[in-house]
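# Observations on the three-dimensional arrangement
What follows is each chain in one-letter form.
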Amino acid sequence: MVAEAFLALLSDPQDPFVRDRLSGHFTGSAWVVSADGRRTLLTHHRKLDRWLQPGGHADGDRDLARVALREAQEETGVHGLHLEDGAIFDLDRHWIPERGAVPGHWHFDVRYVVRAGADERFVVSEESHDLAWREITAVADDPASDESMRRMAGKWLGRSQG
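In short, a report on the structure. Just so you know, these numbers come straight off a predicted model, no measurement behind them.

### Examining the pattern of salt bridges
Across all of its chains, the model carries 19 salt bridges by this definition. Linking D90 and R151 is a salt bridge whose minimum nitrogen-to-oxygen distance equals 2.8 Å. Linking D90 in strand β5 (residues 82–96) with R151 in helix α4 (residues 147–161), this pair joins segments that are 61 residues apart in sequence. Assessed through its relative accessible area of 2%, D90 is described here as buried. Accessibility expressed as a relative area gives 25% for R151, which makes it partly exposed.

This is the structure we're talking about:
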């Protein structure tokens, strides 16, 4: 059912790749994993005040894998990040609450695996309170984690063991 909503948005004549489309628009996010695949880099999102994956608006770019990689680079400052394979890893539609003059709206988030190299040092950007590498097993098992974070952790662990 989720994929159908994304396909319907994709076929909408009003450009779904721009944030001005307040009935809903595409975003791109990165499930950033360490070189060994055991940890994920999460951001304590400044506006939403939750630990989430890096990501953001497409702003007209129809290549959401490129958006995800760019956002991961900008939000983490980690050198050597690269798309794992360019395949869609996860889809998540979530509500963004009203903020200032921007009314509440839907984000249709397309998520990709982005892998770190040997240098895992990060830089906290103005979009975050903090960044942290977390064991993926801990994210999967933590009831306080956002549901979509637990789902992606479970997908990653299933993929790694399969």
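Back to the write-up after that little detour.
### Some thoughts on the layout of surface pockets
Size it by volume and the largest pocket reaches roughly 860 Å³. Taken together, 36 residues line the largest pocket, and the ones lying closest to its centre are H45, K47, G56, H57 and H107. For the lining of the largest pocket, the elements supplying multiple residues, two or more each, are β1 (25–33), β4 (55–57), α2 (64–76), β5 and β6 (105–115). Top contributing element to the lining of the largest pocket by residue count: β6, with four residues. Residue composition of the lining of the largest pocket, by class: seven nonpolar, twelve polar and 17 charged. Estimated volume of the second largest pocket: approximately 150 Å³. Elements with a minimum of two residues in the lining of the second largest pocket: α1 (2–10), β5 and β6.

About the thresholds
- Residues numbered from 1 in each chain as written.
- Predicted model: local features only at pLDDT ≥ 70, side-chain atom pairs only at ≥ 80, totals over all residues.
- Heavy atoms only, no water.
- Salt bridge = Lys/Arg side-chain N within 4 Å of Asp/Glu carboxyl O.
- Helix = DSSP H or I, 4+ residues; strand = E, 2+ residues; numbered from the N terminus.
- Buried < 20%, exposed > 50% of the residue type's maximum accessible area, 1.4 Å probe, protein only.
- 1 Å grid on protein atoms, 1.4 Å probe; cavity = no way out; pocket = protein on both sides within 12 Å on 5 of 7 lines; lining within 4 Å.
- Points joined across faces, edges and corners; volume = space filled by probe spheres on them.
- Nonpolar A, V, L, I, M, F, W, Y, C, P; charged D, E, K, R; others polar.

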